[in-house]
Amino acid sequence: MGDDIEDDISHPNPVGRLSVFYYGVGHMLNDITAACWFTYLLLFLTDIGLSPRDAATVMLSGLMDFTIFSGELIDRFGHFKIWHGAGSVLVAISFSSVFGGCWPCEIFANHSSTIETVSYSVFAAIFNVGWAATQVSHMSMMNCISLNSTSRVVMASCRNAFTMVANLSLYAVALIVFNVSEAKTHADIENQYRWIAYLSIFIGCCFVGLFHLGTKEPRLKISVHGNCCSRVSWTYWFKKILYYQVGIVYLLTRLVQNVSQAYLAFYVINDLRMAQSAKALVPAIIYISSFVISIIMQEISWTGQRLKAYYSAGGILWIFCGASIFLLPRSMSGFMYVISICIGIANALMTVTGISMQSVLVGSDLNGCAFVCGSLSFVDKISCGLALYALQSFQSMSPKVQNSLSTNYISVTRCGLGLVPAFCSLVGVAVTYTMKLNTPCSKPLMEPLLE
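Since this is a predicted model, take the numbers as computed values, not measurements. Numbering of residues starts from 1 in each chain and follows the order in which that chain's sequence is written. pLDDT decides what is reported in this predicted model: residues at 70 or higher carry local features, side-chain atom pairs at 80 or more are listed and counted, and totals for whole chains, interfaces and linings draw on all residues regardless. Hydrogen atoms and water are omitted, and side-chain values are computed over all heavy atoms in the structure.

Draft legend 1. Just the environment of Tyr 120, in detail. The secondary structure listing takes helices from DSSP runs of H or I that are at least 4 residues long and strands from runs of E that are at least 2 residues long, numbered from the N terminus. Locating Tyr 120 in the fold gives a position in helix α8 (residues 113–145). Each C-alpha atom of the pair Tyr 120 and Met 59 lies 8.9 Å from the other, and the pair is 61 residues apart in sequence.

Take a look at the structure:
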C-alpha cells in the first residue's frame, strides 16, 4: 500500500472518465439550492412583503460562512464522504424551511416584518452550515483523488458542468411552476416558491445518492514524504504569495457569478421589461452555453500558463458583457439573449480555471487542502454577502417608481449586473497576470486511479 501511494505521488495517474462523472455529480444539491438562493430568494422575500434591506439581511445570514471551520475539521479527522453526506442532509432540511414559509409567524400568530426576518435568517444560517460542510468536503476531495494536474482540471470542469445541469434543472422547474400556477395572493406566491424548493431538493438528493454510490473515499490524503499523521499548519499557507493571489482571483470570480445571478431576474423584468418567462429563459441560455464550454474544457491538457490564459479570456469577455448590460437600452432588450451566451462562456472559463488554480496551490500538500478550500470559500461568502447587502441598501425605490422614470434611469440593478462583475473581472485578470503557476507535465485522461 505504501509503495502504491509513493508511486501515485511520483507518477500521478489520470482519473478514469466514470470516476470523473461520479465525482462531478456530488455537488448537485448544493448547486441547485444555491441557484435558487441567488436567483429567487430576493424576489421571494420582496414579493411576500419584506423590505429590500430586510431581504438583504436574510441573504447575508445565509452567507455568514462556516467553511473555514469545516475545512479545519475535515483536515483533522478526514472522512470526506461522511462530511458530505451529513452536510447534504442538513441542506435538504433547512432549505425546505427557508422557502417553506414563516413557521414562527404561524406559531405566534404574528406576521410582523421583524419576526419574518428573524425566522428566515435563522433557517438561512442553518442552511449555510450544511452547505459549507458539503462544499468543502467535495472540493477538497478533488485534490486527494489525484495528483495529476490535468485530471484535477477535468474534475473541476465536470463539477462545473453539473453545476450548469443543476441550474438548468432549477429553471426548468421554475418555468413550469410559473406558467402552470398564477400568483395572485400572498399564499400563491409562497406555494410557487415552495414547489420550486421541494422539487429542487428532490433532484439534488438523487444525484447526491449517485455520488456516494460511485465514489470511493480517496486514499491519497498523505504528505509527499509519506507521513500520514502530519498536518499542514495554517501559517504555511499564509507565507505563500500564491495563496493570496489565488484567493483574490477566486473571490472575484465568485463575486462575478453571485452578484450577476442575484440581479439577473430583476434586470430583465424591471429594467428591460421583458416577459415573465425571461426570468427563466435568460439564465437557462447562460447555463447551456456554460455547460457546453465546461464539456469542451475536459478535453484539454492543462498547464499553469493555459489556466492563466483561459481565465484572462473569460475575464475580458465578462468586461465586454458588463459594459453591454450597463448601456443596453430597453428598446434593444432582445440583444440580452446574445449577451447571455457570452456570459455563459465567460463564467465557465473563469470558474473552472479559478478553482483549478487552487489545485495548483495545494499541489501535493494534501493534509491542508481542506483548509485552503474552506478559507478561500469563507472570504468568498462574506464578501458576496456584504456586496449584495450594500447594493440592496441602495435599492430604496420600488419597481413601480422606477418604471415611471425615463428609460435613461441608471438603477442599482443595472450597476449590480453590469459594472460590478466587469470591475471584478478586470481586477481578476490583472492579478492572474502576476501569478507564477507551475504544474507538472500531465498524462492524457486514460486509466482510473480509484480502481
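Draft legend 2. How the structure looks around empty space enclosed by the protein. The definitions used throughout rest on a 1 Å grid laid over the protein atoms alone, on which a cavity is an enclosed set of points accommodating a 1.4 Å probe that cannot get out and a pocket is an open set flanked by protein within 12 Å on both sides along at least five of seven lines; lining residues are those having an atom within 4 Å of a point. Grid points are joined across faces, edges and corners, and a volume is the space filled by probe spheres set on the points. Per the counting criterion, the structure on display carries 3 cavities of 30 Å³ or more. Size it by volume and the largest cavity reaches roughly 410 Å³. Thr 163, Arg 254, Gln 257, Asn 258 and Gln 261 are, among the 28 residues lining the largest cavity, the residues nearest its centre. If you list the elements that add at least two residues to the lining of the largest cavity, you get α3 (28–47), α8, α9 (149–180), α12 (241–271), α13 (278–297) and α15 (336–362). Ranked by residue count, the leading element in the lining of the largest cavity is α12, at 7 residues. Under the grouping applied here, Gly and all other residues not named as nonpolar or charged are polar, the nonpolar ones being Ala, Val, Leu, Ile, Met, Phe, Trp, Tyr, Cys and Pro and the charged ones Asp, Glu, Lys and Arg. Of the residues assigned to the lining of the largest cavity, the class counts are 14 nonpolar, 11 polar and 3 charged. Residue ranges labeled as domains rest on an automatic or database domain assignment. Mapped onto the domain boundaries, the lining of the largest cavity takes at least three residues apiece from domain 1 (16–148 + 157–217) and domain 2 (237–395 + 411–437).

Draft legend 3. Representation of the environment of Thr 57 in the model. By the secondary structure assignment, Thr 57 is in helix α4 (residues 52–61). Residue Thr 57 is classed as partly exposed on the basis of its relative accessible area of 28%. Taking the C-alpha atoms as reference points, Thr 57 and Gln 392, separated by 335 residues in sequence, lie 9.4 Å from one another. Throughout, a contact is declared for two residues whenever any of their heavy atoms are within 4.5 Å. Sequence-distant contacts of Thr 57, that is, excluding residues within four places in its chain, are made with Thr 117, Ser 121 and Tyr 389. Think of it in three bands: with a 1.4 Å probe and only protein chains considered, a residue is buried below 20% of the maximum accessible area for its type, exposed above 50%, and partly exposed in between.

Draft legend 4. Local environment of α8. What a helix should span is 1.5 Å times the count of its residues minus one. A rise of 1.5 Å per residue sets the reference length of α8, with its 33 residues, at 48 Å; its end C-alpha atoms lie 47 Å apart and thus fit the reference within 8%. In terms of burial, α8 is largely enclosed, as 25 of its 33 residues are buried.

Draft legend 5. A look at the packing of α9 against α15. Between α9 and α15, the shortest axis-to-axis distance is 9 Å and the interhelical angle comes to 140°. Between α9 and α15, the angle is such that the two are oblique. As α9 packs across α15, the resulting crossing turns out to be right-handed. Along the contact surface, α9 presents Arg 152, Val 153, Ala 156, Ser 157, Arg 159 and Asn 160, while α15 presents Ala 348, Thr 351, Val 352, Ile 355, Ser 356 and Ser 359. Here the contact of α9 with α15 is composed, by residue class, of 5 nonpolar, 5 polar and 2 charged. Interaxial angles span 0 to 180 degrees and are taken between N-to-C directions of axes, which are lines fitted to C-alpha atoms, for helices over the stretch in contact. Every angle not falling under 35 degrees, over 145, or within 65 to 115 is termed oblique; those three ranges are roughly parallel, roughly antiparallel and roughly perpendicular. Whether a crossing is left-handed or right-handed is set by the direction in which the near helix is turned from the far one by less than a right angle, anticlockwise for left-handed and clockwise for right-handed.

Draft legend 6. Seen up close, the confidence of the model for the protein chain. The predictor rates its confidence in each residue with pLDDT, a number between 0 and 100. Considering every residue of the protein chain, the mean pLDDT works out to 80; 86% of them sit at 70 or more. Taking the mean pLDDT of every element in the protein chain, the minimum, 41, falls on helix α1 (residues 2–10) and the maximum, 92, on helix α14 (residues 304–327). Predicted confidence for residues 397–408 stays below pLDDT 50, and this span has 10 contacts to residues more than four positions away or in other chains. Within the model, pLDDT remains below 50 along residues 441–451, and this stretch shows 37 contacts once partners closer than five positions in the same chain are excluded.

Draft legend 7. Structural detail: the environment of Ser 140. If you trace the backbone, Ser 140 turns up in helix α8. On the basis of relative accessibility, which here comes to 0%, the residue Ser 140 falls in the buried class. Between the alpha carbons of Ser 140 and Gly 71 there is a distance of 8.4 Å; along the sequence they are 69 residues apart. In this view, Ser 140 contacts Phe 80, Cys 369, Ala 370 and Cys 373; residues no more than four positions away in its chain are not counted. Here a polar contact means two N or O atoms within 3.5 Å. Within protein one must be a hydrogen donor candidate and the other an acceptor candidate, and residues neighboring in sequence count only if both atoms are side-chain atoms. Polar contacts involving the side chain of Ser 140 include one to the main-chain carbonyl oxygen of Val 136, which spans 2.5 Å.

Draft legend 8. Layout of a nonpolar patch on the surface. Residues with no salt bridge and a relative accessible area higher than 30% make up the patches, which join like charges within 9 Å and nonpolar side chains (Val, Leu, Ile, Met, Phe, Trp, Tyr) within 5 Å. Values of accessible area rely on a 1.4 Å probe in the Shrake-Rupley scheme; residue burial ignores everything except the protein chains shown. Just to be clear on terms, a salt bridge is a Lys or Arg side-chain nitrogen sitting within 4 Å of an Asp or Glu carboxyl oxygen. Where nonpolar side chains cluster on the molecular surface, the patch consists of Leu 90, Val 118, Val 122, Ile 126 and Val 129 and spans about 350 Å² of accessible area. Of all the elements, α8 adds the most residues to the nonpolar patch, at 4 residues. Take Ile 126: it is sitting in helix α8.

Draft legend 9. Here's a closer look at the pattern of salt bridges. According to the stated counting rule, one finds 3 salt bridges in the structure shown. Close ionic contact of Arg 17 with Glu 299 constitutes a salt bridge, the shortest N to O distance being 3.4 Å. In this pair, Arg 17 sits in helix α2 (residues 17–24) while Glu 299 sits in the loop between α13 and α14, placing the two residues 282 residues apart along the sequence. A residue is classified by how much of its surface remains accessible, and Arg 17, at 48% relative accessible area, is partly exposed. Judged by relative accessible area, Glu 299 falls into the exposed class, the value being 55%. Ionic pairing is found between Arg 254 and Asp 380, a salt bridge with its closest N-O pair at 3.8 Å. With Arg 254 in helix α12 and Asp 380 in helix α16 (residues 369–393), this residue pair connects regions lying 126 residues apart in the sequence. You'll find Arg 254 and Asp 380 in the same group, each marked buried.

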